[in-house]
Structures are given as C-alpha cells and as structure tokens.
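Listed here are the chains, written in short residue letters.
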Amino acid sequence: MCGIFGYTGSKTNAAEVVLDGLKKLEYRGYDSWGVSVSGAKGKISVCKNVGKIGNATVKTLSASTIGIGHTRWATHGGVTKKNSHPHLSCDKNISLIHNGIIENYDTLREKLVTQCHTFISETDSEVAVHLVEQLRKKYDLTESVRKAFLKLKGLNALVVMESDSESLVAVSNGSPVVVGFGEHENMVASDADALTSHTKTVYYLKDSELVYVNKDTVTLFDAITGKKKSFKKIVLEHGEKASQKGEFKHFMLKEIYEQPQIITSIANDTTMPDRKLAQIIKESFGTYLVGCGTAAYACLAGSYLFSKVAKTHVNWAVGSEFGYHLDFLKNKSLVLALSQSGETMDILESVKKAKTKKATLACLVNVYGSSLFRESHYNFMVGAGPEKAVASTKAFIGMLSHLLLTSYALKGSYEDGKKTLLKASKSVKDLLGKDGIKSIKKLARKIAQVEHIYVVGRGLSYPASLEVALKIKEMSYIHTEGFAAGELKHGVISLITKGTPCIVFAPHDETYGANISGAMELKARGGYIIGVSNKDHEVFDYHISVKDALEGTIIPNVVFGQLLAYYLAIERDCDPDMPRNLAKSVTVK
Ligand code: AGP
C-alpha cells in the first residue's frame, strides 16, 4: 500500500515533480518518504526522511530529468530512514522503489550476501535492488529487472532507474502501476490520481507486465516471456480538480459534503447499471458479498437490503475470512466483491481462490482499472470520484446506494428505489445544514475526552453501528464498539458505567420500540444516551435529528457518524485525512 512515482522527460526539476507526485499518493502510506534522481555526472543522489512529507523540500538534489520516489507504509523493518525507499545497489548506480511483499526475501538475501552484496536496511525491498545489480553484470537494465522480478515470490511492483540513463523500468504483479503519457515526458505511479496534473492519458499495467519508459517512448513487455506487447491507452474522465481539497480543510470533510450529489447521481443514472447487477444476481446460484473494513459493513447492509426489499437471500463475508470458508462455492455461484480501491489484498486473495472454484466474480469498486476491476468477470463502478481521505465515506455511501437500487431492481420496482435514494440524499443534505453541523460539533466537544463509546442499532442500523464505530476509532483513536442492540443484555451491558456515551440509532421503523427499550436499559445503568432519530425522546440525553428515508435511513445515519468522527478528530488534534498507522488501501495480507 505504498505510493510509488517515477518521472522521465524534458523538465530538469525531476526531484520536485516526483515529490509533488508523492504528495498526491501519501494517503497510501506515510511512515516515511524518499526521492532519488540521476544528477550531475550521472551519479544517483537520494533524499529520504521519516514521517509525512509536509513542507519538506528536495533542494539538496541536483537538477535532473529523471527521478523516482516512494511513500512507505512499513511492513518489513521499522519506520527508519535506512528502511525508507528508494534503495540503492552497492555501487550506487541503481535506485529502486517497491510496493508489496517479497515472500522469499530471506533466501534471496542469503544468496546475495554470498555474492558479496552489502545490505543496510531491514527491508525485503532492498533484496530486489541487489538482485537487479547482480543480474546487471550480464544483462541490460530491462532484462535484469525482468529476471529479478521472476525470482520474487508474492505480489509486488518495482520501479527501477540507473545512473547515466534517461530510462525507467517498471514491473508489476498484483500491485498497481499506471503509466502516464505526456508531451516529451512520461511517468509511472501506483495511482492515476498522481498523474492527472500532467496527463489524463494512461495505461494500467496488467499482472506480469513490464514497461520500459523514457521521455518519448513507452515499450510494454510480457514479464514472463520477455516478448513485446501492444497496449491501448485510456483517457481518464476526472481531472486533477477532483483530487484537490478546494475550500475544505481536509479531504474527509470535502468527501462527506459531496455525498448528497453522489447519491442523487446514482439514483438518476439513466444507464441503470444496478438493473444489470440485479439480473446477474437473479441468474446466479447463490450470491456472496465480500469486502473488508468499511466495505464489509456495506456487504452486511446489502444482505439486509436484499432480504427486506427483494426477499432475496444473499450471504456476506469479511474479505480476509472468505478464503477460509468458500469451499461450498459452485460454478454458478456469484461472488460480488466490494472495494473502494480495488487493491485490497485480503479481497484479491479471496476472489482469486473463488475463481478456482469456477465462481462468477463481479466487483463494485471506486477505482477504474484497479486490480479487482481487472480480475472480475463483471465490473461495476461506485462512481463516487477519487476518494483521498484514508477514511472511506463517499465510496461507502455510494456502495449502499447501488446495493439499495439493486435490491429494488430485483423486486421489480426500480422507480421506488430511486425515490428512496432521493429521500436519503435530502436527509443527508439536512444533516449537513447549519443546525445539523452545530449539533454534531457540540456533541464532539462533549465526548472528545471519553475512553469508550458504544454504538447500537437493530436491523439496518446494525451495520450502521459497526461502520460508525469504525469511523470513530479510525479518526479519534477512542475505543468505540458497535453492537446489535439486542446483544447488549447478553453481556455487553456490563461495560456500561455512569456517563458512558451510548449512541442509539432509533429510526421510526419496525426497530423503534425495541431500540427505545434498549436505550432505557442503558440509561438505567448510567449510560449517556445519544439518540439518533427523526424525533426527540425523553430517554435521550442528547438528540441528533435525522429525517427517516425508509430503507435509505442507514445513509444519513452513517453520515452523522462520519461527521462525529471527523469533529472528534479535530477536537483531539488527530489528522482526519491520514490517521496514525493506517493507509488508504491495504495491499498487503
Ligand atoms: C475505511 O474507512 C478504512 N480505511 C478501511 O476499513 C477500508 O474500508 C478497508 O481497508 C477496505 O478498503 P477498500 O474498500 O479499498 O477495499
């Protein structure tokens, strides 16, 4: 889940170009960063540091027309300058950046040490640069990188440059690399968003493809056979503006405010992709929704929606667990994978295993051309636009919107689904109004210093509770647990003491009565009841007003939680866009 970026072209400030690209990739990992260029007299120079890029510069690096850079989320080896990328060969003539995990790094390292290679880091990545250096004694750079790559076990991407050369070599298997085509300049990056300030013409490397890049040519190879391949460029729809904060202080807040429009555009999409998804589900022998983290809670919500609206049974599973219990799959089973990034390793591993059972694979992703997108028989786009904050907000709401519409399409009443979505969009807009924000900000101030928060709901408010608890944990680092409200009396309620904040979702649907009783039980034990409902109630110590929207009420309920999580982060001086220890897409197991 690291960020990688490479530039070769006619600009002579390659170091700045690379650093600017890394800043757009930092959400993928921000433990440390580094840039290397091939500078004066061809010697490679490197600038590295731990922590976020912030206002750092690369002024110490000489003018150059070629450079590579990396933002790291540590897997092998601690967060230190030595472990940060780029890594250099012993002779300092080759510089390499890496994304992924080299599963056989130890055996490779042992062999390289016997060939007198000196290692200065604890990382698996450094093995790759010494492997290339060893092979470079016999082959040109492209062939050395190709042969080195074939020795690596695991899913990896490498970008390599050498001194005295204007060319980059990139290779990928299961870890994203996108090529950007400019005017007398070309780039590679782990995410197209880092390229859009230069170009919208790109090519997504497929698994086991290698690309040779200089300022005027891009040549594609099959990394296994070494044979040249043709390829088709694509032009991206969204430009750079979509990936900028604009007037917002943080990407997370910007992306929360984009949600009413996203819901409305999904509802009004005349191509009606959700009708096609409904048809695929109808024809399948069982459907399994899989996702990780926030996307997993979208899957759980989907199982409720398909049951309530379409009287259709679908299973759901956490992506990292699905691989251990998918042995029942048949060749007409449908696996519908949900993923914002389309790069989450836990999902990719599970769906590849599902494909060996001949299951049909569909995906609902927010990144065009992502690994999951390319792995699937059917791909559906969330259409929420680039999501830069580590916390998934608009992509999650987009997933819920598609699942709700699909459930209505399955029922044969698509228009009712649209109406429900538009109601939900209006309810979100109300929540984002002055009064709604004021009320949530005041609540955040009130509970910012607590140690524990509990979030409870029934029915569709149960996945809402899980997602809101995750948001609060991710953003504010406060221990927060989401529960099925009915589970409280089966043990959880022992945790409630005087003043414990309990968020109770109480939409006016069939769960209302039981939720109010649950709130009474919590209050009787000292709980501070935060009622999320379209009307106040005497049991609530604090009321957040959320207008009902039938099955769509889960959407404004979750948006309340997103906003609370955001304002708790602000109250506690946490970075809402780049929370500690996290990264935007978890491309390692
Ligand atoms: C969401 O706020 C989290 N950052 C995380 O749980 C995320 O949903 C999970 O890692 C899955 O990511 P994906 O949707 O890109 O697959």
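The protein appears in an unreviewed UniProt entry as Glutamine--fructose-6-phosphate aminotransferase [isomerizing]. Annotation of the protein in UniProt includes, under Catalytic activity (unreviewed entry), the sentence "D-fructose 6-phosphate + L-glutamine = D-glucosamine 6-phosphate + L-glutamate".

Points about the overall build of the protein
In terms of regular secondary structure, the protein is built from 17 helices and 25 strands. Over its C-alpha atoms the protein spans a radius of gyration of 25 Å, differing by no more than 12% from the 25 Å that the globule rule assigns to 589 residues. Considered along the principal axes of its C-alpha atoms, the protein spans approximately 75 × 50 × 45 Å. By residue count, 60% of the 589 residues in the protein fall in the buried class.

Describing the packing of aromatic side chains
Inspection of the entire model under this criterion finds 10 aromatic pairs. For the ring pair Y203 and F231, a centre distance of 5.0 Å and an interplane angle of 45° mean the geometry is tilted. Pair noted here: Y203 is in strand 11 (residues 201-204) and F231 is in the loop between strand 14 (228-229) and strand 15 (234-235), with a separation of 28 residues, a long-range link. For Y203, a relative accessible area of 6% corresponds to the buried category. Judged by relative accessible area, which is 27%, F231 ranks as partly exposed. Look at Y288 and F328: their rings are 4.9 Å apart centre to centre, the planes differ by 40°, and that puts the pair in the tilted class.

Some points on the side chain of N173
The topology assignment puts N173 in strand 8 (residues 168-173). With relative accessibility at 19%, the residue N173 sits in the buried group. Setting aside its immediate chain neighbours within four residues, N173 contacts F149, G154, L155, N156, D207 and S208.

Some points on unusual backbone geometry
In this structure, the amide linkage connecting H85 to the following residue, P86, adopts the cis form with an omega of 0°. Along the polypeptide, P86 turns up in the loop between strand 4 (66-72) and strand 5 (87-88). If you check the backbone angles, K92 has positive phi at about 60° while not being a glycine.

Some remarks on the packing of helix 12 (residues 394-411) against helix 17 (residues 554-571)
Their axes nearest at 10 Å, the elements helix 12 and helix 17 cross at an angle of 170°. Classified by the interaxial angle, the pair formed by helix 12 and helix 17 is roughly antiparallel. Contacts between helix 12 and helix 17 pair F396, I397, L400 and S401 from the former with I554, I555, V558, V559 and Q562 from the latter. Its residues placed into classes, the contact of helix 12 with helix 17 shows 7 nonpolar, 2 polar and no charged.

A look at the sheet that holds strand 16 (residues 287-291)
The 5 strands are arranged 17-16-18-19-20 in an open sheet whose pairing can be described as parallel. Either end of the sheet is taken by a strand with one partner, and the two such strands are strand 17 (315-318) and strand 20 (378-381). Looking at each pair of strands side by side, their axes are set apart by 20° on average, direction ignored. Across 4 bridges, the pairing between strand 19 (residues 360-365) and strand 20 is parallel. Bridge pairing in strand 20 links A362 to Y378. On the sheet, helix 10 (residues 345-356) packs against strand 16, strand 18 (334-339) and strand 19 and is oriented at approximately 165° with respect to strand 18.

Looking at the pairing of strand 6 (residues 94-100)
For strand 6, the buried fraction is high: 7 of the 7 residues fall into the buried class. Pairing of strand 5 with strand 6, which is carried by 2 bridges, proceeds in the antiparallel orientation. Of the residues in strand 6, the one forming a bridge with L88 is S95. Hairpin geometry of strand 5 and strand 6 is characterised by an intervening segment of 5 residues between the two adjacent antiparallel strands and by a positive phi of about 60° at K92. Here 7 bridges tie strand 6 to strand 7 (residues 156-162), and the two strands are oriented antiparallel to one another. Across the sheet, residue N99 finds its bridge partner in strand 7, namely A157.

Remarks on the site of the ligand
Around the ligand, a shell composed of 15 residues is seen, among which S339, Q340, S341, T344 and E474 lie nearest. A distance of 2.7 Å is found between an oxygen atom of the ligand and a backbone nitrogen or oxygen belonging to Q340. Between an oxygen atom of the ligand and a side-chain N or O atom of S341, the distance comes to 2.7 Å. Look at the ligand: alone it shows 410 Å² of surface, and the protein chains cover 91% of it.

Examining the sheet that holds strand 10 (residues 185-189)
Pairing within the open sheet is antiparallel, and its 8 strands lie in the order 3-2-4-1-10-9-11-15. Two strands lie at the open edges of the sheet, namely strand 3 (44-50) and strand 15, each paired on one side alone. As paired strands, strand 1 (residues 3-9) and strand 4 are joined by 6 bridges and run antiparallel to one another. What sits directly across from G6, in strand 4, is I68.

Let's talk about the environment of H377
Relative to the helices and strands, H377 resides in the loop between helix 11 (371-375) and strand 20. Put simply, H377 and A359 are 18 residues apart on the chain and 9.8 Å apart in space, counted from C-alpha to C-alpha. Those residues in contact with H377, other than ones at most four positions away along the chain, are K355, A359, T360 and L361.

The rules we used
- Residues numbered from 1 in each chain as written.
- Predicted model: local features only at pLDDT ≥ 70, side-chain atom pairs only at ≥ 80, totals over all residues.
- Heavy atoms only, no water.
- UniProt positions renumbered as here; feature names shortened; annotations may be inferred.
- Helix = DSSP H or I, 4+ residues; strand = E, 2+ residues; numbered from the N terminus.
- Rg over C-alpha atoms; globule rule 2.2 N^0.38 Å.
- Buried < 20%, exposed > 50% of the residue type's maximum accessible area, 1.4 Å probe, protein only.
- Phe/Tyr/Trp six-rings, centres within 6.5 Å; stacked < 30°, edge-to-face > 60°.
- Contact = heavy atoms within 4.5 Å.
- Axes fitted to C-alpha atoms, helices over the stretch in contact; angles between N-to-C directions.
- Parallel < 35°, antiparallel > 145°, perpendicular 65-115°, else oblique.
- Nonpolar A, V, L, I, M, F, W, Y, C, P; charged D, E, K, R; others polar.
- Pairing = 2+ DSSP bridges.
- Near = heavy atom within 4 Å.
- Polar contact = N/O pair within 3.5 Å; in protein donor to acceptor, adjacent residues only side chain to side chain.
- Areas by Shrake-Rupley, 256 points an atom, 1.4 Å probe, with all protein chains shown as cover.

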